[in-house]
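Coordinate analysis (summary)
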Amino acid sequence: MLLPPPIMMKLAREFLGLSQEMVEAHSGISRSSIQRVERGAAGMLNSAAELKKFYANNGIVFLPPENGRGWGIVNNNAVEDDSPLNHLPSVELQKRSTPKVK
């Protein structure tokens, strides 16, 4: 399976109008794994494949390079000018606590 490069994974998330926290809430993939995939960290093939599947199930089509052209992305949700970028239900995100510096 051909996996898109890290920047394309980030663009797919943004093209759906989702934050990393929202992808975590909808997909079950941890935010730290999403961050590592988007940074191109080594050893993230399973998480990258899961993210690609999540994005594909939510309207994203990754166009692999061909004929000397680079990667592309299509969002099948954005059919008309006023179409939403995704059709996911709204979720309540949990607030993350930040450690206090002493």
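In short, a report on the structure. Since the structure is predicted, the reported quantities are computational estimates derived from the model, not experimental observations.

What counts as what
Residues numbered from 1 in each chain as written. Predicted model: local features only at pLDDT ≥ 70, side-chain atom pairs only at ≥ 80, totals over all residues. Heavy atoms only, no water. Helix = DSSP H or I, 4+ residues; strand = E, 2+ residues; numbered from the N terminus. Contact = heavy atoms within 4.5 Å. Buried < 20%, exposed > 50% of the residue type's maximum accessible area, 1.4 Å probe, protein only. Arc of directions from axis to C-beta. Axes fitted to C-alpha atoms, helices over the stretch in contact; angles between N-to-C directions. Parallel < 35°, antiparallel > 145°, perpendicular 65-115°, else oblique. Nonpolar A, V, L, I, M, F, W, Y, C, P; charged D, E, K, R; others polar. Patch = residues over 30% accessible without salt bridge, like charges linked within 9 Å, V, L, I, M, F, W, Y side chains within 5 Å. Areas by Shrake-Rupley, 256 points an atom, 1.4 Å probe, with all protein chains shown as cover. Salt bridge = Lys/Arg side-chain N within 4 Å of Asp/Glu carboxyl O. Lys, Arg positive; Asp, Glu negative; His and termini not counted. Left-handed = near helix turned anticlockwise from the far one by under 90°.

Secondary-structure assignment places Asn76 in the segment after strand 2 (72-75). The spacing of Asn76 and Gly59 is 17 residues in sequence and 4.9 Å in space, taken between C-alpha atoms. When sequence neighbours within four positions are dropped, the list of residues in contact with Asn76 reads Gly59 and Val61.

Before going further, it helps to examine the side chain of Glu38. Tracing the backbone through its elements, the reader meets Glu38 in helix 3 (residues 31-39). In this view, Glu38 contacts Pro6, Met9, Lys10, Arg13, Gln20 and Tyr55; residues no more than four positions away in its chain are not counted.

The subject of this paragraph is helix 3. Of the residues making up helix 3, those classed as buried are Ser33, Ile34, Val37 and Glu38. Taken down its axis, helix 3 places every buried residue within 135° of arc, on the same side. In this fold, the buried residues of helix 3 make contact with helix 1 (6-15), helix 2 (20-27) and helix 4 (45-57). Gly40 sits one or two positions beyond helix 3 and adopts a positive phi of about 80°.

Let us now look at the packing of helix 1 against helix 3. Close contact between helix 1 and helix 3 brings their axes to 6 Å; oriented N to C, the two are set at 130°. On the basis of the axis angle, helix 1 is oblique to helix 3. Residues Pro6, Met9, Lys10 and Arg13 of helix 1 form the contact with helix 3, whose participating residues are Val37, Glu38 and Arg39. In the contact of helix 1 with helix 3, the residues fall into three nonpolar, no polar and four charged.

Glancing now at a nonpolar patch on the surface. A cluster of nonpolar side chains, contributed by Val61, Leu63 and Val74, occupies part of the molecular surface with about 190 Å² of accessible area. Assignment of secondary structure puts Val61 in strand 1 (residues 60-63). Given a relative accessible area of 31%, Val61 falls into the partly exposed group.

Counting through the fold element by element, Lys52 comes out in helix 4. For the buried Lys52, no salt bridge exists, and the shortest N-O distance to an oppositely charged side chain is 13 Å, to Glu66. Among all residues touching Lys52, those that are not within four sequence positions of it are Met1, Leu2, Leu3, Pro4, Met9 and Phe62.

In this section: the packing of helix 1 against helix 4. Where helix 1 meets helix 4, the axes come as close as 11 Å, and the angle between the chain directions of the two elements is 35°. Considering only the axes of helix 1 and helix 4, their crossing is left-handed. Listed contacts from helix 4 to Met9, Ala12 and Arg13 of helix 1 are Ala48, Leu51, Lys52 and Tyr55. Counted by class, the contact of helix 1 with helix 4 contains five nonpolar, no polar and two charged residues.

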